[in-house]
Amino acid sequence: MSLLTLDKVSKAFGGLAAVQEVSFSLGDGELLALIGPNGAGKTTLFHIISGFIKPDAGELRYGGETLAGLRPHDICQRGMVRTFQVTRPFHRLTVVENVLVGALERVAHRRQAVTVAEEVLALTGLAEKANHMGHSLTLPDRKRLELARALATGPRVLLLDEVMAGLNPTETGRLIELIRTVHRRGITILLIEHVMRAVMALSQRIL
């Protein structure tokens, strides 16, 4: 069953056609990789899907509902969340507090949010660093925190934007295993990635 469908989606900035008539479907439970050279419009497409910018043309449907006019937090609350290429943790918050920000999109009470955050930190291998400040993390841990904050929202669909960028082969291998674990838990994943080792190891289909 198709969960996310794009039909001839286009976006231009002045005379530059960043995204031109892109059409594809993402199946429920699928792990689809989106690849292409720098400047091909991949991240712009993520911005469109997640509601950060509006397309000039085309239609996007998620779970049978149009995404037209929905803002990023509306889309997040419907179960579709994205990570960002450049990680930006809240520097003055601890790791667990960073994840609580995501969890409070999912649950109304702090006690429940703490439980969600602790579960996600255990899953992503950050439990021992729960009380570290966001600014103190290494790049691999910032990548995990970015993923943890997204997972804490309880997504049905996860949009991953170059989560392997800047990692060494060992760190990449660990993150591949983590993403496999997340996918096995029933989360549908759309992955933008330049690290072909990860693309080939993870994806069921490549666009």
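Look up: the structure comes first, before these words.
Note that the structure is predicted; figures quoted are calculated from it, not measured.

About the cut-offs
- Each chain carries its own residue numbering, running from 1 in the direction its sequence is written.
- Per-residue local features are limited, in this predicted model, to residues with pLDDT of at least 70; the limit for side-chain atom pairs, both in listing and counting, is 80 or more; totals at the level of whole chains, interfaces and linings are taken over all residues.
- The side-chain numbers reported here are obtained from all heavy atoms of the structure, hydrogens and water having been left aside.
- If DSSP finds at least two bridges between two strands, the strands pair.
- We count a stretch as a helix when DSSP gives it H or I for four or more residues in a row; a strand needs E for two or more, and each element gets its number in order from the N terminus.
- Between the rings of Phe, Tyr and Trp (Trp by its six-membered ring), a pair exists once the centres lie within 6.5 Å; its type follows the angle of the planes, with under 30 degrees stacked, over 60 edge-to-face, and the other angles tilted.
- Partly exposed residues are those whose accessible area sits between 20% and 50% of the maximum for their type, while under 20% is buried and over 50% is exposed, using a 1.4 Å probe and protein chains only.
- Definition of a polar contact: a pair of N or O atoms within 3.5 Å, with one able to donate and the other able to accept a hydrogen when the atoms are protein atoms, and with sequence-neighbouring residues admitted only if both atoms are side-chain atoms.
- Working definition of a nonpolar core: buried Ala, Val, Leu, Ile, Met, Phe, Trp, Tyr and Cys residues. They are joined through side-chain atoms within 4.5 Å.
- The criterion used for residue contact is that any of the two residues' heavy atoms lie within 4.5 Å.

### Notes on the sheet that holds strand β7 (residues 157-161)
Consideration 1: In spatial order, the strands read β6-β7-β8-β3-β9; together these five strands make up an open sheet with parallel pairing. Looking at which strands have only one partner, the edges of the open sheet turn out to be β6 (80-82) and β9 (205-206).
Consideration 2: Bridging between strand β3 (residues 31-34) and β9 involves two bridges; their strand directions are parallel. Residue pairing in the sheet places Leu32 in a bridge with Arg205 of β9.

### Some details on the packing of aromatic side chains
Consideration 1: Counted according to the given criterion, the structure contains one aromatic pair.
Consideration 2: Look at Phe52 and Phe84: their rings are 5.6 Å apart centre to centre, the planes differ by 85 degrees, and that puts the pair in the edge-to-face class. Linking Phe52 in the loop between α1 (42-49) and β4 (57-62) with Phe84 in the loop between β6 and α3 (95-103), this pair joins segments that are 32 residues apart in sequence.
Consideration 3: Among the residues examined, Phe52 registers a relative accessible area of 45% and is labelled partly exposed.

### Observations regarding the side chain of Arg144
Consideration 1: By secondary structure assignment, the location of Arg144 is in helix α5 (residues 139-151).
Consideration 2: Here Thr124 takes part through its backbone oxygen, which lies 2.7 Å from a polar atom of the side chain of Arg144.

### Structural notes on the nonpolar core
Consideration 1: Val99, Leu158, Leu160, Met164, Leu175, Ile179 and Ile189 are the most contacted members of the largest nonpolar core, which totals 38 residues.
Consideration 2: Those elements giving two or more residues to this core turn out to be α3, α4 (110-124), α5, β7, α6 (169-184), β8 (188-192) and α7 (196-202).
Consideration 3: With near-sequence residues (within four places) excluded, Ile179 lies in contact with Leu31, Leu160, Val163, Met164, Ile189 and Leu202.

### Overview of α3
Consideration 1: Of all nine residues in α3, seven are buried; the element is thus mostly enclosed.
Consideration 2: For α3, every residue scored as buried is listed here: Val95, Val96, Asn98, Val99, Leu100, Gly102 and Ala103.
Consideration 3: Residues of α3 that are buried make contact with α4 and α5.

### Some words on the environment of Leu34
Consideration 1: By the secondary structure assignment, Leu34 is in strand β3.
Consideration 2: Counting along the chain gives 78 residues from Leu34 to Gln112, while the straight-line C-alpha distance between them is 35 Å.
Consideration 3: Apart from the residues within four sequence positions on either side, Leu34 is in contact with Lys42, Leu45, Leu190, Leu191, Ile192, Glu193 and Leu207.

### Considerations on the environment of Glu97
Consideration 1: By the secondary structure assignment, Glu97 is in helix α3.
Consideration 2: Considered as a pair, Glu97 and Asp7 are 90 residues apart in the sequence and their alpha carbons are 38 Å apart.

### Side note on the pairing of strand β1 (residues 2-13)
Consideration 1: As paired strands, β1 and strand β2 (residues 16-27) are joined by eight bridges and run antiparallel to one another. What sits directly across from Leu4, in β2, is Leu26.
Consideration 2: Linking β1 to β2, which pair antiparallel, is a turn of two residues; within it Gly14 sits at a positive phi near 65 degrees.
Consideration 3: Note that β1 and β4 share five bridges and pair antiparallel. Bridge pairing links Asp7 to Glu59 in β4.

All we've got here are geometric facts, nothing functional implied.
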